[in-house]
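Residues per chain are reported as follows:
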Amino acid sequence: MRAPFPAAAASLLLLVAPLTSQELESYDGFAGTVATGGQASLPGADRGFGFTGPWRGVDGTLPSLVSWWPLDSAPYDLGPLAAHGVATAVAYGTDAPDLSWSSGSLSLQGAGGIDLSAHAAGFGKLTRGTLSLWVRTVVETVRQTIFSVSNAGSSGARFAELFVHTDGRAGWEVEGDVATDPRFLAKFKVNDGEWHHIAVSTTGDGWARLYVDGVERDAKDEGFFGYVLNPDCAFIGARRGASGLVTPFSGDIDDVAVWADALDAADIAALAAMPPLMVVGPLTAAGPSQLGGSLGAGTGPSGSFGSRGLVPRGARLFDDVGNRAVRPLANFIDHSATDVHYLSFLLRRDDRGAGITPGDVSIGGPDQFGARVGWNMNGDWVGNIRADPVKGAGQMLSGTTYFCVLKITTDSGDGDRLQMRAFAPGEVVPATEDEVTQWNVDRARKSARVGDAIMVTLNRGQYGGDTTLEFDELRMGRTWDSVTRLTYGQGCAGLAIGRRGAPVLGGSFGIDLLGAPLGALLAGGEREQAFGLTLPADLGAAGAPGCWLLQSAQLALPAAGGLDLAVPTAPIFVGRALFAQWMAPDPSGGLPLGLAFSDGLEITIER
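Computed from a predicted structure; not experimentally measured. (Residues numbered from 1 in each chain as written. Predicted model: local features only at pLDDT ≥ 70, side-chain atom pairs only at ≥ 80, totals over all residues. Heavy atoms only, no water.)

1. Comments concerning the confidence of the model for the protein
Here is step 1: When pLDDT is averaged across the protein, the result is 85; 88% of the residues are at 70 or more.
Here is step 2: Highest mean pLDDT in the protein belongs to strand 44 (residues 595-597) (98); lowest belongs to helix 1 (residues 7-15) (45).
Here is step 3: In the model, residues 281-289 has pLDDT below 50 throughout and makes 27 contacts with residues more than four positions away in sequence or in other chains. (pLDDT = per-residue confidence, 0-100. Helix = DSSP H or I, 4+ residues; strand = E, 2+ residues; numbered from the N terminus. Contact = heavy atoms within 4.5 Å.)

2. Here's the deal with empty space enclosed by the protein
Here is step 1: This model, assessed by the stated rule, comprises two cavities of 30 Å³ or more.
Here is step 2: Considered as a void within the structure, the second largest cavity measures approximately 30 Å³ in volume.
Here is step 3: W101, S132, W134, H197, D255, L271, M274 and P276 are the residues that line the second largest cavity.
Here is step 4: Grouping the amino acids of the lining of the second largest cavity by side-chain chemistry returns five nonpolar, two polar and one charged. (1 Å grid on protein atoms, 1.4 Å probe; cavity = no way out; pocket = protein on both sides within 12 Å on 5 of 7 lines; lining within 4 Å. Points joined across faces, edges and corners; volume = space filled by probe spheres on them. Nonpolar A, V, L, I, M, F, W, Y, C, P; charged D, E, K, R; others polar.)

3. A look at the sheet that holds strand 16 (residues 233-236)
Here is step 1: Here we have six strands laid out as an open sheet, ordered 5-8-16-10-11-12, and antiparallel in their pairing. Here the strands that pair on one side only, and so sit at the sheet edges, are strand 5 (86-88) and strand 12 (170-175). Pairwise comparison of adjacent strand axes, ignoring direction, gives a mean angle of 20° for this sheet.
Here is step 2: Taken together, the six bridges between strand 10 (residues 144-150) and strand 11 (residues 159-164) define a ladder with antiparallel strand orientation. Residue pairing for strand 11: S150 is matched across the bridge by F159. (Pairing = 2+ DSSP bridges. Axes fitted to C-alpha atoms, helices over the stretch in contact; angles between N-to-C directions.)

4. Structural notes on the environment of G561
Here is step 1: One can find G561 in the loop between strand 41 (555-560) and strand 42 (562-566).
Here is step 2: When the C-alpha positions of G561 and L518 are compared, they lie 6.2 Å apart, and in sequence the two are 43 residues distant.

5. Some remarks on unusual backbone geometry
Here is step 1: Residue P536 is bonded to the preceding L535 through a cis peptide linkage, with omega at 0°.
Here is step 2: Position of P536 relative to the elements: it lies in the loop between strand 38 (533-534) and strand 39 (537-538).
Here is step 3: Of note, the phi angle at A89 is positive, near 55°, even though the residue is not glycine.
Here is step 4: Tracing the sequence through the fold places A89 in the loop between strand 5 and strand 6 (91-93).

6. Thoughts on the layout of surface pockets
Here is step 1: One number sums up the size of the largest pocket: a volume of about 420 Å³.
Here is step 2: Lining the largest pocket are 24 residues, and of these L24, R485, L486, R499 and E602 sit closest to its centre.
Here is step 3: Grouping the amino acids of the lining of the largest pocket by side-chain chemistry returns nine nonpolar, six polar and nine charged.

7. So, the nonpolar core
Here is step 1: Formed by 44 residues in total, the largest nonpolar core has its most connected members in W69, F147, W172, F225 and I253.
Here is step 2: V34, A325, I385 and L418 belong to the second-largest nonpolar core, a separate cluster that totals 39 residues. (Core = buried A, V, L, I, M, F, W, Y, C linked by side-chain atoms within 4.5 Å. Buried < 20%, exposed > 50% of the residue type's maximum accessible area, 1.4 Å probe, protein only.)

8. Quick notes on the pattern of salt bridges
Here is step 1: Under the defined criterion, the tally for this structure stands at 30 salt bridges.
Here is step 2: For D28, the salt bridge goes to R327, with nearest N and O atoms at 2.5 Å. Placement of the pair is D28 in strand 2 (residues 24-28) and R327 in strand 22 (residues 324-334), with a sequence separation of 299 residues. Accessibility classification places D28 together with R327 in one group, the buried group.
Here is step 3: The salt bridge partner of R485 is D599, with a shortest N-O separation of 3.7 Å. Of this pair, R485 sits in the loop between helix 5 (480-484) and strand 33 (487-488) while D599 sits in the loop between strand 44 and strand 45 (600-604), and the two are 114 residues apart along the sequence.
Here is step 4: Here the salt bridges do not stand alone but share partners, grouping R143, E161, E173 and R239 into one network. (Salt bridge = Lys/Arg side-chain N within 4 Å of Asp/Glu carboxyl O.)

9. A look at the packing of aromatic side chains
Here is step 1: For the structure on display, the rule yields 16 aromatic pairs.
Here is step 2: For the pair F123 and F225, a centre-to-centre distance of 6.1 Å together with 65° between the ring planes defines the contact as edge-to-face. Placement of the pair is F123 in helix 2 (residues 120-124) and F225 in the loop between strand 15 (215-221) and strand 16, with a sequence separation of 102 residues. Like F123, the residue F225 is buried in the burial classification.
Here is step 3: Summarising the aromatic geometry, the rings of W439 and W480 are spaced 6.4 Å apart at their centres and angled 85° between planes, so their arrangement reads as edge-to-face. With W439 in the loop between strand 29 (417-423) and strand 30 (441-444) and W480 in helix 5, this residue pair connects regions lying 41 residues apart in the sequence.
Here is step 4: Ring pairing ties together the aromatic residues W69, F123, F147, W172, F224 and F225, which thus form one cluster.
Here is step 5: Above the plane of the ring of F159 lies R239, whose end atom (NZ or CZ) is 3.9 Å from the centre. (Phe/Tyr/Trp six-rings, centres within 6.5 Å; stacked < 30°, edge-to-face > 60°. Lys NZ or Arg CZ within 6 Å of the ring centre and 35° of its normal.)

Pasting the structure below:
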């Protein structure tokens, strides 16, 4: 019978664990209760640890039209979001595009604008959408902002911006997204003193198309507002920089509208003939049900995932629409340093008979894709660092859940390398990466600055097809073991440690003693040093050959069969690490010391 662990002792056990660098740095098991075959809202799914925020998305539905500012005489939003603005140094004139419903326009003279910052969080929910408006510029040779959303109040100053470039071309840029090219998206001059209609339409995978006067002028991988994490500023006619408003607009602006869906070419052409309230887009007034994917019932079976003791938590990320789910990492990857990072995750696609929609998992940072892997429209495994994906080894089969292990080697020079091995359900994950004879993706290429967010993308908007994507059990760590195995280190004499449940705030979990009826749980906050020894420490000289001390042993707790531990409710414990192993009378009778030691268990508190 397992012994319960007193709450006071449990708190003491957790308090010894400092916020140090663990082998397992980030984990998201998508814990949630979803009926079989059902779906729930992904946004707010904030289990796990090692992240600075939840997955990005929209809770519930947004109507297709989000905001519409007619700008005839006031900064009022006639759309459902009602994002009324505060005007500074603006005027309204009677001149307007040749539109039957428009009686005036906003006039700016290179200063001021309309502050929409009170509604920035609402725009930040949109990972796809359309921005549409009319402009008439004064001929200038400076950059001019037409519309912007930014997080200028936070470090990093990321922004999404529609602007006129210094040479007069219209442009769209998301500084701080995952774009492969940080430069603007523009090939058409608009600073000729005439009215022009400009629209940028961005699908859920971040593929943006720029239209001028109803004609598509360029397309590029640039995200939408939601790619600016936690926006706190939004403006018509300017952008908020670190030192205040920058790149103000000179000229006239009219009929600014934002949709929660990517309008197609026909809808954008219709904007020249009818007001935005009547152009509802391909999903009509209902809008998309989710932006960023959904939380679904558990992923299909994958024996390879559990071949080293890992246990799935139940739910998973699911997408069949074509959205990019983004979650910011606390432990980012710095490509200017020499280092090694490991990720593992479950990945599955299901084709529905109308072609294959490519999908990928990536770690991105400001202005670029970082490392990404996935499948292409032929079902081949692909992956790369920064550049477009290249074919890997082997083919991903539809309806099969793969356990993917990703290794990212960064180099302060030009030696970055990306490797991925996808294990089919019946395979056994080897104990070391040295036993991997062939990687599905093995690609060397220099990447750019940092990777600070995980992105999961079904590329429907760019490629079509009819495929669903499932993603689950994301781990990021420093070693092969940390992302492929529940325990670490080596036990002896048949002694082993196990875990029941998960260490979630306010919950409880169990640590099982396997291989002996009685023992003591040794626990501490360190796995690198103890008693002046470097861990793991070989206990052969102490009379226990083949046994190892794997943690700092700050506590020893006797138990029969195992222990049940209560987890405090305080959020301060999230991410704190505890390391444990069992010590028990030698069940084999062959160790001079008379004591045996199990493998180790790293316990990191989750939300």
